[in-house]
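So the chains spell out like this:
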Amino acid sequence: MGTDMPVLQIRDVAKEFTLHAQDGARLPVFENLSFDLKPSECMALNGPSGIGKSTLMRMIYGNFHCPSGEILIRHQGDWIDIASAHPHRILDIRCHTLGYVSQFLRVLPRVPTLDIVKEPALAQGVDDDEASKRARHLLTRLRVPERLWSLSPMTFSGGEQQRVNLARCFSAHYPIMLLDEPTASLDAENRQTVIEIISEARTRGCAMVGIFHDQPARDALCTREIDMSLCAAKAA
Amino acid sequence: MMKTTEQAYNFAYLDEQTKRMIRRAILKAVAIPGYQVPFASREMPMPYGWGTGGVQVTAAVLGRRDILKVIDQGSDDTTNAVSIRQFFEKTAAVQTTDRTKDATLIQTRHRIPETPMKAGQIIVYQVPIPEPLRFLEPRETETRRMHAQEDYGLMHVKLYEDISRHGHIATTYAYPVRVNGRYVTDPSPTPKFDNPKMNNCPALQLFGAGREKRIYAIPPYTEVVSLDFEDHPFAIQQWDQDCALCGAGDTFLDEIITDDRGGRMFVCSDSDYCRERRDAGHEGDQAGANSGEAA
Amino acid sequence: MSIDEIPLLQAAGVTKAFGPVTGCFNVDLDLFPGEVLGIVGESGSGKSTLLRCLSGEHELQGGQVTYTLRTGERADVHAMSAPERRMLMRTDWAFVHQNPRDGLRMGVSAGGNVGERLMAVGNRHYGNIRGTAIDWLEKVEMSATRIDDMPETFSGGMQQRLQIARNLVTRPRLAFMDEPTGGLDVSVQARLLDLLRGLVSELGLACVIVTHDLAVARHLSHRLMVMKGGEVVETGLTDQVLDDPQHAYSQLLVSSILRA
């Protein structure tokens, strides 16, 4: 697969919410959104708060419904449209092809940090030793103290949880990654580390879509940007 | 006087239509070894729990030239054995005996004779509860389904429970067997000591449960295997003593209290077998003490 | 996991009525190995009925349920003979009831309960059966010292763990669960969910879980099906149905969860 072949194609995507509990009130978000993404590219989603940046990310991930348009992902040699794919297929895509760094760690209580971080790699079929190695390496790099690795992240600070989240998301290797404020709630030191980690992934060929309020991060990582206010939906 | 009484009964008490019904059930039972066949059990002149099932089966297969033996716990002389034998003497005027080797038809409660059975003999067992799974699964609908689908895990669960509780399989009588590799069957409350005699037996074995209205059968030379575990194999009871009267070391022994000072002795439960041995000259160490008085 | 594999369990047009009352109507679903499908809905939604249609317990008025056997052959669950379905229930399938008393033999010890399936499929070595039972009690985080205790002596949560061990001992590929955490205290529920999640992942178990509790569904299931009045109103990835519900009823259900 040549690096000039896109791995993600957004085609005329629009999003609108319908609130049935409020007499079917409709909240349009954006429309006519299109772009392609190639390996090693990092596309920044720009625009004011509420414009739909997170919404778009979630739609690409299959977490939000896509009512019109296509979201095409290159998965194991085929193009799959997330908007209409069978959930079973999307689960497979999330496992092998598409990673998502959210702002919040979905904490599973009572599961130790190390296990949480190893899990995506294990799910990809990486063997236990290798998964452990990667997990430890990332946790160390992100300055999560070793004494915390056997504890559940439930009681960690926001910053610590976010670093565990990042370790988890980067312990597995994905061709495409979605990054929603990856450096939020991190201090300068850790922010720099995260930028390095993301850079390395990009060098490996990972294609990325990101939301960065942090200007230095955006400057360091992004190769392209899109202003989503250009696609804002007209009020209904 | 006797003439009048004879004329008051059909041969062997039951009317011919009833015998026909029972014979049909018996044929079906013989055709499906170990399978419990429902039958229209009649009201008999003795209450349920006193052998009505066995009596009905005997009545259905008895013929004028049969020689009948009736035993209860191995003895011909207990009240029940005597009653049932007299019942058939009165209603069928058949010849009776207490010698196993002379009998063509043996009705028994809770024991199989020590003298090996011969081809051509029929042994009829009195059965209280025909369903081996009854105490584990009270629902008739479920036990029927288990038998139909050969779903016998529960039976082994019972044996497992025994071992976990007592260190060994604690069932000593009515020990479940698998007949012809298919149905799990209750051999009736015979001691497990007798289970091996059922296997590949030359005689026809018939089982009657009057209250529960079931008949089952094991045709001659059928495989009968007692259930067990590989690491807890089936084993029969053993005694340290021999029979005090005849010296037999391989029979099922009854313990008899002889006095009020704790005196006891062990004698063959099968009174006929014991007497045969004594007649042949065998002696136990108390051969003179009690002449022919088994329980 | 190959994308082109055939579903482990597939339902097409499943319809069940109790006289004039609709149990469930025209339900389609497919479930792949290792996937957990949650079926949520309120009382009377038809979710329990659907579960029992899928497991072959209820006769159908319409539609078909197909299961892929270990041999790869696809079998119609309702066309199977009773012994075949029973064998399936003892080996390849599990059914976890809401009330553990419905899924346990109360008159049999914990070890006997766990070992029963093994004995039912021909295991005849006491030592091995007992050893396997001990392993499974430990797997469901129960002390092995309780192997000879009767289920009556266990708490509700432990009885439920015992039921799970009893069902999973033959390493089934598909589990049906009817409100497995219903009726348990919250902390007990939480630990049970953890256990289930771990076992599902370790055994690669596919599951159909019926629950009225969306938190349980979010915790355990990959995919979700929302039922109302016997019909499926929405289906999709769990996170999608919970985060971006499309149907009016789904939105109502989701908004009804009290957020901390």
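On a predicted model such as this, the values are computed, not experimentally measured, just so you know. (Residues numbered from 1 in each chain as written. Chains lettered and ligands numbered in written order. Predicted model: local features only at pLDDT ≥ 70, side-chain atom pairs only at ≥ 80, totals over all residues. Heavy atoms only, no water.)

### Regarding the overall build of chain C
Okay, so step 1: Summing up its helical and strand segments, chain C has 10 helices and 10 strands in all.
Okay, so step 2: Split into buried and exposed, the 260 residues of chain C put 57% on the buried side.
Okay, so step 3: Look at the contacts in chain C between residues 6 or more apart in sequence, and 67% of them connect residues 24 or more apart.
Okay, so step 4: Of the roughly 10,300 Å² of accessible surface on chain C, 50% is carried by carbon and sulfur atoms.
Okay, so step 5: Placing the 25 positive and 31 negative side-chain charges of chain C at their respective mean positions leaves the two points 6 Å apart. (Helix = DSSP H or I, 4+ residues; strand = E, 2+ residues; numbered from the N terminus. Buried < 20%, exposed > 50% of the residue type's maximum accessible area, 1.4 Å probe, protein only. Contact = heavy atoms within 4.5 Å. Areas by Shrake-Rupley, 256 points an atom, 1.4 Å probe, with all protein chains shown as cover. Lys, Arg positive; Asp, Glu negative; His and termini not counted. Charge placed at Lys NZ, Arg CZ, Asp CG, Glu CD.)

### Examining the interface of chain B and chain C
Okay, so step 1: The interface is formed by 19 residues belonging to chain B together with 21 residues belonging to chain C.
Okay, so step 2: Between chain B and chain C, a total of about 1,800 Å² is buried, with carbon and sulfur atoms accounting for 55% of that surface.
Okay, so step 3: Contact with chain C buries area across many residues of chain B, yet B:Gln149, B:Val157 and B:Tyr160 alone supply 31% of it, more than any other trio.
Okay, so step 4: One can count 4 salt bridges joining chain B with chain C. (Buried area = accessible area lost by both parts, 1.4 Å probe. Salt bridge = Lys/Arg side-chain N within 4 Å of Asp/Glu carboxyl O.)

### Comments concerning the interface of chain A and chain C
Okay, so step 1: At the interface, 24 residues of chain A touch 25 residues of chain C.
Okay, so step 2: With both sides pooled, the region where chain A packs onto chain C buries about 2,100 Å², and carbon together with sulfur makes up 51% of that total.
Okay, so step 3: Our enumeration of links across chain A and chain C arrives at 3 salt bridges.
Okay, so step 4: Linking A:Lys15 and C:Asp244 is a salt bridge whose minimum nitrogen-to-oxygen distance equals 2.7 Å.
Okay, so step 5: Run the count over chain A and chain C and you get 12 residue pairs in polar contact (both at pLDDT 80 or more).
Okay, so step 6: For the side of chain A that touches chain C, the elements supplying multiple residues, two or more each, are strand S1 (8-19) and helix H2 (87-96) of chain A.
Okay, so step 7: Among the elements that make up the side of chain A that touches chain C, the one with the highest residue count is H2(A) (7 residues).
Okay, so step 8: Considering only residue class, the side of chain A that touches chain C consists of 10 nonpolar, 7 polar and 7 charged. (Polar contact = N/O pair within 3.5 Å; in protein donor to acceptor, adjacent residues only side chain to side chain. Nonpolar A, V, L, I, M, F, W, Y, C, P; charged D, E, K, R; others polar.)

### Details of the pattern of salt bridges
Okay, so step 1: In the structure shown here, the tally under the stated rule is 56 salt bridges over all chains.
Okay, so step 2: Where A:Arg94 meets C:Asp239, a salt bridge forms, and the shortest distance between an N and an O atom there is 2.8 Å. Taken as a pair, A:Arg94 in helix H2 and C:Asp239 in helix H9 (residues 238-243) lie in two separate chains rather than in one.
Okay, so step 3: The buried category is assigned to C:Asp239, whose relative accessible area is 16%.
Okay, so step 4: Residue A:Arg168 pairs with A:Glu119 through a salt bridge whose shortest N-O separation is 3.2 Å. Pair noted here: A:Arg168 is in helix H5 (residues 158-171) and A:Glu119 is in helix H3 (residues 113-123), with a separation of 49 residues, a long-range link.
Okay, so step 5: For A:Arg168, a relative accessible area of 23% gives the class partly exposed.
Okay, so step 6: Within this structure, B:Glu137, B:Arg139, C:Arg105, C:Glu116 and C:Arg166 form a network of salt bridges that share partners.

### What to know about helix H7 (residues 186-203) of chain C
Residue and element names in this part refer to chain C.
Okay, so step 1: Spanning 18 residues, H7 covers 25 Å between terminal C-alpha atoms, matching the ideal 26 Å at 1.5 Å per step.
Okay, so step 2: Buried within H7 are the following residues: Gln-189, Leu-192, Leu-193, Asp-194, Leu-195, Leu-196, Arg-197, Leu-199, Val-200 and Leu-203.
Okay, so step 3: Check the buried side of H7 and you find it contacts strand S3 (36-41), helix H5 (126-139), helix H6 (156-168), strand S7 (174-178), strand S8 (206-211) and helix H8 (214-220).
Okay, so step 4: Immediately downstream of H7, the backbone of Gly-204 shows phi near 60°, a positive value. (Expected span 1.5 Å × (residues − 1).)

### Points about the side chain of B:Thr78
Residues and elements named next belong to chain B.
Okay, so step 1: Turning to its location among the elements, Thr-78 is positioned in the loop between strand S2 (67-72) and helix H4 (79-92).
Okay, so step 2: Given the relative accessible area of 18%, Thr-78 is considered buried.
Okay, so step 3: There is a polar contact of 3.1 Å between the side chain of Thr-78 and the side chain of Asp-72.

### Let's talk about the arrangement of the chains
Okay, so step 1: Ranked by contact count, the leading pair among the 2 pairs of chains in contact consists of chains A and C.
Okay, so step 2: In this view chain A stays clear of chain B, with the nearest C-alpha atoms of the two still 35 Å from each other.

### Overview of the sheet that holds S8(C)
Residue and element names in this part refer to chain C.
Okay, so step 1: Taken in spatial order, the 6 strands of this open sheet run S6-S7-S8-S3-S9-S10, and their pairing is mixed. Two strands close off the open sheet at either side, each with one partner strand: strand S6 (93-96) and strand S10 (231-237). Each adjacent strand pair in this sheet contributes to an overall mean axis angle of 15°, direction not counted.
Okay, so step 2: Two strands pair when backbone bridges link them, and S3 and S8 are joined in this way by 5 bridges, in the parallel orientation. Within S8, the residue paired with Gly-38 across the bridge is Ile-209. (Pairing = 2+ DSSP bridges. Axes fitted to C-alpha atoms, helices over the stretch in contact; angles between N-to-C directions.)

### Describing empty space enclosed by the protein
All names here are of chain A.
Okay, so step 1: One pass over the full model with this rule turns up 1 cavity of 30 Å³ or more.
Okay, so step 2: Each pocket or cavity is described by its volume, and for the largest cavity that value is around 30 Å³.
Okay, so step 3: Together, Leu-138, Leu-142, Leu-166, Ala-167, Phe-170, Val-194, Ile-197 and Ile-198 line the largest cavity.
Okay, so step 4: Within the residue set of the lining of the largest cavity, elements represented by two or more residues are H5 and helix H6 (188-203).
Okay, so step 5: Class assignment of the residues belonging to the lining of the largest cavity gives a composition of 8 nonpolar, no polar and no charged. (1 Å grid on protein atoms, 1.4 Å probe; cavity = no way out; pocket = protein on both sides within 12 Å on 5 of 7 lines; lining within 4 Å. Points joined across faces, edges and corners; volume = space filled by probe spheres on them.)

### A short note on the packing of aromatic side chains
Okay, so step 1: Enumeration over the complete set of coordinates arrives at 17 aromatic pairs over all chains.
Okay, so step 2: Look at B:Tyr35 and B:Tyr183: their rings are 5.5 Å apart centre to centre, the planes differ by 55°, and that puts the pair in the tilted class. Of this pair, B:Tyr35 sits in the loop between helix H2 (16-31) and strand S1 (37-38) while B:Tyr183 sits in strand S7 (residues 183-185), and the two are 148 residues apart along the sequence.
Okay, so step 3: B:Tyr35 gets classed as partly exposed once you look at its relative accessible area, which sits at 27%.
Okay, so step 4: Following the ring pairs from residue to residue traces out a cluster consisting of B:Tyr9, B:Tyr13, B:Phe87 and B:Phe88.
Okay, so step 5: Its guanidinium or amino end placed over the ring of C:Tyr249, C:Lys228 lies 5.4 Å from that ring's centre, counting from NZ or CZ. (Phe/Tyr/Trp six-rings, centres within 6.5 Å; stacked < 30°, edge-to-face > 60°. Lys NZ or Arg CZ within 6 Å of the ring centre and 35° of its normal.)

### Digging into the layout of surface pockets
Okay, so step 1: Put simply, the second largest pocket is a space of about 1,400 Å³.
Okay, so step 2: Taken together, 41 residues line the second largest pocket, and the ones lying closest to its centre are B:Glu142, C:Arg86, C:Met89, C:Arg105 and C:Arg166.
Okay, so step 3: At the level of elements, helix H5 (140-148) and helix H6 (153-166) of chain B together with helix H2 (82-90), S6, helix H3 (100-103), helix H4 (110-120) and H6 of chain C are the ones that each hand at least two residues to the lining of the second largest pocket.
Okay, so step 4: No other element matches the 7 residues that H6(B) contributes to the lining of the second largest pocket.
Okay, so step 5: A per-class count over the lining of the second largest pocket returns 13 nonpolar, 8 polar and 20 charged.

### Some remarks on the packing of H5(A) against H6(A)
Residues and elements named next belong to chain A.
Okay, so step 1: Orientation of H5 relative to H6, taken along the N-to-C sense of each, is 10°, at an axis distance of 12 Å. Taken as axis vectors, H5 and H6 run roughly parallel relative to one another. Only Asn-190, Val-194, Ile-197, Ile-198 and Ala-201 of H6 make contact with H5, whose side of the interface consists of Arg-163, Leu-166 and Phe-170.
Okay, so step 2: When its residues are assigned to classes, the contact of H5 with H6 shows 6 nonpolar, 1 polar and 1 charged. (Parallel < 35°, antiparallel > 145°, perpendicular 65-115°, else oblique.)

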